[in-house]
Each structure stands twice: as structure tokens, then as C-alpha cells.
Amino acid sequence: MAPVIERAGSSSRTGLLLAAHGERRPDAGNEGVFRIAEALAGRGLEVAVGFISGVPSVREALQTLVADRILVYPLFAANGYFTRDRLVQILEEANKAGRSVEMLTPLGLDPGLPHVVMQQALGAAHEHELTPAACTVILLAHGSQRNPASRQSTEELARALERHGVFRKVEVAFLEEQPSLDDTAAALAGPAVVVGVFSGEGLHGARDAPGLVARLGRRDVVFAGIMGTAPGIADLVAQAVAARQAT
């Protein structure tokens with residue numbers, strides 16, 4: 001798929017680059033990111049998609065945008081290495097024309113994300129005839145032994161969901177640190193909805209997360225999908241762009 005989804009014309013003053021990690025697996029199309037871009041392009045934005053690991057690259061995507069000012073929305077679950085360091089480095093190297101390239105808040109820290117995730121969890125609960133007030137939400141994230149960013153953003157998201165008071169409780173689990181999903185689920189009494197705190201359909205979001213839920217063998221623990229493909233993500237990006245354009 002071509003890296004430019006739609007161009008608002010050469011007179012466009014602001015372009016949007018959706019930057020994601022991506023996945024190089026032969027069967028990985030990264031379709032979720034392109035769906036977000038298409039929804040945003042329909043609102044008159046010049047939009048391009050670029051991946052750190054995947055096609056098109058962030059560099060290629062940036063070069064297709066014609067606007068003088070580029071806003072970069074990182075579709076990442078946390079403000080970790082890839083957002084703070086690697087993406088910044090790639091953009092600096094690719095910005096040969098010296099345009100204004102501004103980084104927006106990553107998806108995982110977007111203030112509107114808790115509402116989107118809550119609606120996603122509610123949809124899964126209703127689909128499986130689970131009562132939210134008697135149900136636990138488990139946020140399953142990557143985690144890291146070396147960098148606390150994933151844990152910190154996941155725990156902050158959990159606290160935000162708890163403040164809504166819709167579900168019985170909100171717990172966290174991680175792939176690469178404790179507690180694991182097995183441990184978190186084992187300590188629960190009653191049904192649970194698992195939301196994958198992943199921004200894209202890479203190995204972790206597309207395979208690991210649903211596979212771990214299935215391995216629990218519990219009919220009362222259901223998988224709601226990953227947050228990056230939840231309805232409402234395009235709206236979050238559009239709001240972030242509008243807020244920055246207004247400054």
C-alpha cells in the first residue's frame with residue numbers, strides 16, 4: 001500500500017505522520033494503522049503512515065508529505081525508547097528540508113485513551129453477557145525489565161479506568177515482567193475482560209495476547225482486542241492534531 005493515504009493539496013500547511021513500530025512478518029499488513037489514516041484523511045488532512053519496522057518506513061512517509069509543518073502522532077503504548085529516542089533520531093535524519101516537525105503525545109499517554117479503552121472493554125463485556133459491575137478489566141501490556149515506561153503508562157491507564165467506576169476493579173499484567181496474565185487471572189474471583197495495551201497488530205498484539213487469554217482455558221475471561229484498533233482512536237488523533245494546530 002502506498003505510504004500517502006490522501007493529500008489535501010500543495011497549499012496544505014500542516015501534514016500528519018502516523019508513526020508506528022510496525023511488523024515485518026510476511027503476513028503482517030499493519031492494516032489497523034492504515035484504517036486510522038484513512039479515517040483521518042477523510043477529514044481533509046494530508047496523512048502519511050510510516051513504520052520503524054515495516055513498509056513504508058518513517059523516512060519514506062515523511063518525504064511524501066508536502067506540508068511545511070509536520071505533526072507526528074506516535075502510535076505507541078508508552079513513551080519509551082522507540083518514541084523518545086529511535087523515532088526522534090529517524091525524523092532528524094530524514095528531515096533534510098528542515099521543515100517544522102513536531103512530536104505529539106504518544107497514544108498510550110493520550111488523555112482521551114481511558115475513555116476509548118473503557119468503551120472497548122464494555123463492548124466485550126456486553127458481547128459476552130458479562131455484567132461490568134461484577135467484572136474485572138485486565139490491562140495486558142508488554143512490560144520491560146530494563147525500562148519502566150510500559151509499566152508506568154499501563155498503571156496510569158488502570159488508575160484512570162478505576163476512576164470511572166464502571167467495572168468492579170482494574171488489574172494489570174505483562175508479557176516480560178510480573179505479574180503475568182496467568183498470575184493476575186489466578187488471583188481473580190469472577191469474570192474478566194482482557195484488553196491488550198498494544199498499539200498495533202504485531203506479534204504481541206495479534207498472537208501473544210489472544211493466545212495467552214485462550215491458554216487460560218476460562219470461559220469467563222474474554223479478550224476485547226488491542227487498544228490500537230479500538231473504535232475512537234482516529235478521533236483521539238484528530239483531537240490532538242486540532243489542539244496543536246490551535247497553538
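Since the structure is predicted, the reported quantities are computational estimates derived from the model, not experimental observations.

Participant: How should the packing of helix α1 (residues 31-41) against helix α8 (residues 233-245) be read in this particular structure?
Facilitator: Contact pair α1 / α8: the axes reach a minimum separation of 9 Å and the direction vectors enclose 55 degrees. By the angle between their directions, the pair α1 and α8 is classed as oblique. Between α1 and α8 lies a crossing whose hand is right-handed. Of the residues in α8, those touching α1 at Ile-36, Ala-39 and Leu-40 are Ile-233, Ala-234, Val-237 and Ala-238. Considering only residue class, the contact of α1 with α8 consists of seven nonpolar, no polar and no charged.

Participant: Which parts of the structure should I look at to understand the pairing of strand β2 (residues 14-20)?
Facilitator: Each regular strand shows side chains that alternate between the opposite faces of the sheet. Within β2, seven of the seven residues are buried, which leaves it mostly tucked inside the rest of the structure. Covered by surrounding structure in β2 are Thr-14, Leu-16, Leu-18 and Ala-20 together with Gly-15, Leu-17 and Ala-19, the residues of both alternating faces. Two strands pair when backbone bridges link them, and β2 and strand β4 (residues 69-75) are joined in this way by seven bridges, in the parallel orientation. Along β4, the bridge assignment pairs Thr-14 with Arg-69. As judged from the six bridges shared by β2 and strand β3 (residues 46-51), these two strands associate in the parallel manner.

Participant: Just to check I follow, could you spell out the sheet that holds strand β8 (residues 192-196) for this structure?
Facilitator: The strands making up a sheet are joined through hydrogen bonds of the backbone, oriented either antiparallel or parallel. Strand order across the open sheet formed by four strands is β7-β6-β8-β9, with parallel pairing between neighbours. Taken across any chain shown, the strands that pair with only one partner, and hence form the sheet edges, are β7 (169-174) and β9 (221-226). Strand-to-strand twist in this sheet, taken as the mean axis angle between neighbours without regard to direction, amounts to 25 degrees. When strand β6 (residues 136-141) meets β7, the two strands line up parallel, connected through six bridges. Each residue of the ladder has a partner; that of Leu-140, found in β7, is Ala-173. Strands in contact with helix α4 (residues 113-127) are β6, β8 and β9; relative to β8, the strand with the most contacts, it is inclined by about 135 degrees. Set on the sheet, helix α5 (residues 149-164) makes contact with β6 and β7; between it and β7 the angle comes to about 165 degrees.

Participant: What is the right way to look at the side chain of Glu-102 in this model?
Facilitator: Looking at where Glu-102 falls in the secondary structure, it is placed in strand β5 (residues 100-103). A relative accessible area of 18% places Glu-102 in the buried class. Here the side chain of Glu-102 touches Ser-100 through a polar contact of 3.1 Å, side chain to side chain. Once residues within four sequence positions are removed from consideration, Glu-102 is found in contact with Arg-69, Ile-70, Leu-71, Val-72 and Arg-244.

Participant: Looking at this model, I keep getting lost on α4. Mind explaining?
Facilitator: For the α-helix, the turn length of 3.6 residues means that residues three or four positions removed from each other point alike. Along its 15 residues, α4 runs 21 Å from first to last C-alpha, staying within 8% of the 21 Å computed at 1.5 Å per residue. Every buried residue belonging to α4 is among Leu-113, Pro-114, Val-116, Val-117, Met-118, Gln-120, Ala-121, Leu-122, Ala-124 and Ala-125, and all of these are buried. Two residues or fewer past α4, Glu-129 is found with a positive phi of approximately 55 degrees.

Participant: Quick question: what am I supposed to make of unusual backbone geometry here?
Facilitator: Among all residues save glycine, negative phi is the norm, and among peptide bonds the norm is trans. Between Val-55 and the following residue, Pro-56, the backbone shows a cis peptide bond with an omega angle of 0 degrees. A cis amide bond links Gln-178 with the next residue in sequence, Pro-179, at an omega value of 5 degrees. Within the element layout of this structure, Pro-179 appears in the loop between β7 and α6 (181-186). The phi dihedral of Glu-129 is positive, around 55 degrees, even though this residue is not glycine. Tracing the chain through its elements places Glu-129 in the loop between α4 and β6. Classification of Glu-129 as exposed rests on a relative accessible area of 74%.

How each quantity is defined
Residues numbered from 1 in each chain as written. Predicted model: local features only at pLDDT ≥ 70, side-chain atom pairs only at ≥ 80, totals over all residues. Heavy atoms only, no water. Axes fitted to C-alpha atoms, helices over the stretch in contact; angles between N-to-C directions. Helix = DSSP H or I, 4+ residues; strand = E, 2+ residues; numbered from the N terminus. Parallel < 35°, antiparallel > 145°, perpendicular 65-115°, else oblique. Left-handed = near helix turned anticlockwise from the far one by under 90°. Contact = heavy atoms within 4.5 Å. Nonpolar A, V, L, I, M, F, W, Y, C, P; charged D, E, K, R; others polar. Buried < 20%, exposed > 50% of the residue type's maximum accessible area, 1.4 Å probe, protein only. Pairing = 2+ DSSP bridges. Polar contact = N/O pair within 3.5 Å; in protein donor to acceptor, adjacent residues only side chain to side chain. Expected span 1.5 Å × (residues − 1).

That is the geometry; function is a separate question.
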